Amino acid sequence: MPKAVSFDYWDTLYDGSTLPERVARRRAAIRRLLADVGCAIGDEELGALYAASGAEAERWWREEHRGYVTEDRIRWILDRVGVERPRDCEHVSRAATEV
């Protein structure tokens with residue numbers, strides 16, 4: 001009897017494409033997080049940060065040969081706007097779940 005089953009989510013069984021509706025939902029979650037922690041930025045800046053976080057995550061994967069989780073990208077964005085949150089921040093957790 002097998003003891004475990006593994007699913008390959010790296011675009012083999014799961015389509016992780018960057019679809020417009022997915023991006024909109026992710027940006028909305030990040031926008032709520034920023035509002036919750038008192039950081040207001042414009043749509044253009046949020047879009048640039050979101051795109052840059054994707055490029056940085058790709059760099060982590062290609063150059064540093066490490067995986068990452070959603071919270072890593074969110075915290076990268078927070079760092080760029082000068083927001084520090086504790087590890088157990090409910091706002092970051094909620095945003096990561098929504099994303």
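Scroll up to find the structure this text is about.
The notes below deal with the structure included here. (Residues numbered from 1 in each chain as written. Predicted model: local features only at pLDDT ≥ 70, side-chain atom pairs only at ≥ 80, totals over all residues. Heavy atoms only, no water.)

### Focus: a nonpolar patch on the surface
Part 1 of the argument: Among the surface-exposed residues, Val5, Phe7, Tyr9 and Leu13 lie close enough to one another that they form a single nonpolar patch of about 490 Å² accessible area.
Part 2 of the argument: By the secondary structure assignment, Leu13 is in the segment before α1 (20-36).
Part 3 of the argument: In this structure Leu13 comes out as exposed when scored by relative accessible area, which is 61%. (Patch = residues over 30% accessible without salt bridge, like charges linked within 9 Å, V, L, I, M, F, W, Y side chains within 5 Å. Areas by Shrake-Rupley, 256 points an atom, 1.4 Å probe, with all protein chains shown as cover. Salt bridge = Lys/Arg side-chain N within 4 Å of Asp/Glu carboxyl O. Helix = DSSP H or I, 4+ residues; strand = E, 2+ residues; numbered from the N terminus. Buried < 20%, exposed > 50% of the residue type's maximum accessible area, 1.4 Å probe, protein only.)

### Thoughts on the side chain of Arg75
Part 1 of the argument: Note on placement: Arg75 falls in helix α3 (residues 70-80).
Part 2 of the argument: Within the structure, the side chain of Arg75 is placed 3.0 Å from the backbone oxygen of Arg85, a separation counted as a polar contact.
Part 3 of the argument: Leave out the neighbours within four places in its chain, and Arg75 touches Arg85, Pro86, Arg87, Cys89 and Val92. (Polar contact = N/O pair within 3.5 Å; in protein donor to acceptor, adjacent residues only side chain to side chain. Contact = heavy atoms within 4.5 Å.)

### A word on the environment of Glu98
Part 1 of the argument: As for its position among the elements, Glu98 is in helix α4 (residues 90-98).
Part 2 of the argument: On the accessibility criterion, Glu98 (33% relative accessible area) is partly exposed.
Part 3 of the argument: Residues Glu98 and Ile30, spaced 68 residues apart in sequence, show a C-alpha to C-alpha distance of 8.9 Å.
Part 4 of the argument: Discounting chain neighbours no more than four positions away, the residues touching Glu98 are Ala29 and Arg32.
Part 5 of the argument: A polar atom in the side chain of Glu98 sits 2.6 Å from the side chain of Arg32.

### Some words on the nonpolar core
Part 1 of the argument: Counting residues in each nonpolar core, the largest one holds 21 residues, and the members touching the most others are Leu33, Leu34, Cys39, Ile41, Leu78 and Val81.
Part 2 of the argument: For this core, the elements supplying multiple residues, two or more each, are α1, α2 (43-62), α3 and α4.
Part 3 of the argument: Looking at this core, the element that brings in the most residues is α2, giving five residues.
Part 4 of the argument: Ignoring any residue separated from it by four or fewer positions in sequence, one finds Ile41 in contact with Arg31, Leu34, Leu46, Leu49 and Val81. (Core = buried A, V, L, I, M, F, W, Y, C linked by side-chain atoms within 4.5 Å.)

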